[in-house]
Amino acid sequence: MLKFTIHYGLHFGLPLVIALIFYRKQWLKMYCIMLAAFIIDLDHLLANPIFDANRCSINYHPLHSYYAITVYFFLLWKKPTRVFALGLLAHIVSDSVDCLFI
């Protein structure tokens, strides 16, 4: 239960904190854009089984690979992709913390 709470607390809480600190005037819009980064979890559909509580997503799924994470960092440099990139990286951080429990 602790793992679940921390995992999803970070998934939803970390983007919220980022939005409230850095995008105070448009926090809701930016929060929603960062939550849209959950789309990278579609790569879980390629795994068998789709969900495994004892599997670390980092560098297992294609959109959670070190190569993809490098691309997410590069997306931070361009203003049009910055907020989405923050969401992607917040997602990766959340999944990384989850890996510590395995």
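Calculation notes
- Residues numbered from 1 in each chain as written.
- Predicted model: local features only at pLDDT ≥ 70, side-chain atom pairs only at ≥ 80, totals over all residues.
- Heavy atoms only, no water.
- Helix = DSSP H or I, 4+ residues; strand = E, 2+ residues; numbered from the N terminus.
- Rg over C-alpha atoms; globule rule 2.2 N^0.38 Å.
- Buried < 20%, exposed > 50% of the residue type's maximum accessible area, 1.4 Å probe, protein only.
- Contact = heavy atoms within 4.5 Å.
- Lys, Arg positive; Asp, Glu negative; His and termini not counted.
- Charge placed at Lys NZ, Arg CZ, Asp CG, Glu CD.
- Axes fitted to C-alpha atoms, helices over the stretch in contact; angles between N-to-C directions.
- Left-handed = near helix turned anticlockwise from the far one by under 90°.
- Nonpolar A, V, L, I, M, F, W, Y, C, P; charged D, E, K, R; others polar.
- Disulfide = S-S within 2.5 Å.
- Expected span 1.5 Å × (residues − 1).
- Bend = angle between axes of the 7 residues up to and from the residue.

*Asks:* Just checking my understanding: could you explain the overall build of the protein chain for this structure?
*Replies:* When helices and strands are tallied, the protein chain shows four helices and zero strands. Mapped in sequence order, the helices and strands of the protein chain form the string α-α-α-α. The C-alpha atoms of the protein chain give a radius of gyration of 14 Å, which matches the 13 Å a tight globule of 102 residues would have. Each principal axis of the C-alpha distribution contributes one length, and for the protein chain these read about 40 × 30 × 20 Å. For the protein chain, buried positions account for 33% of its 102 residues. Counting contacts in the protein chain only where the partners sit at least 6 residues apart, residues at least 24 apart contribute 53% of the total. Each charge sign in the protein chain was given a centre, from 8 positive and 5 negative side chains, and these centres are 21 Å apart.

*Asks:* Explain the environment of Gly87 to me, please; I cannot follow it from the model alone.
*Replies:* Along the chain, Gly87 falls in helix α4 (residues 79-99). For the pair Gly87 and Met34, spaced 53 residues apart in sequence, the C-alpha separation works out to 3.9 Å. Setting aside chain neighbours within four positions, we find Gly87 in contact with Met34 and Ala37.

*Asks:* Is there a simple way to think about the packing of helix α1 (residues 2-22) against helix α2 (residues 27-35) in this case?
*Replies:* The description of two packed helices rests on the angle between their axes and on the distance between the axes. Running from N to C, α1 and α2 cross one another at 140°; their axes reach a closest spacing of 9 Å. Taken as a pair, α1 and α2 cross one another with a handedness that is right-handed. Contact residues: His11, Phe12, Pro15, Leu16, Ile18, Ala19 and Leu20 in α1; Trp27, Met30, Tyr31, Met34 and Leu35 in α2. Along the lines of polarity and charge, the residues of the contact of α1 with α2 split into 11 nonpolar, one polar and no charged.

*Asks:* Hey, could you run me through the state of the cysteines in this one?
*Replies:* Structurally, a disulfide amounts to a covalent bond that connects the sulfur atoms of two cysteines. Here the structure, examined in full by the defined rule, presents one disulfide. Residue Cys56 pairs covalently with Cys99 via a disulfide, S to S 1.9 Å. As the torsion about the S-S bond is roughly 85°, the Cys56-Cys99 disulfide counts as right-handed. Of this pair, Cys56 sits in the loop between α2 and α3 (66-75) while Cys99 sits in helix α4, and the two are 43 residues apart along the sequence.

*Asks:* What exactly am I supposed to notice about α1 here?
*Replies:* An α-helical segment advances 3.6 residues per turn. Residues three or four places apart therefore align on the same side. Relative to the 30 Å expected for 21 residues at 1.5 Å per residue, α1 spans 29 Å between its end C-alpha atoms, a close match to the ideal helical length. Residue Leu10 marks the point of greatest curvature in α1, where the axis turns by about 35°. Of all the residues in α1, the buried ones are His7, His11, Pro15, Ile18 and Ala19. For α1, the elements touching its buried residues are α2 and α4.

By themselves, these figures tell us nothing about what the structure is for.
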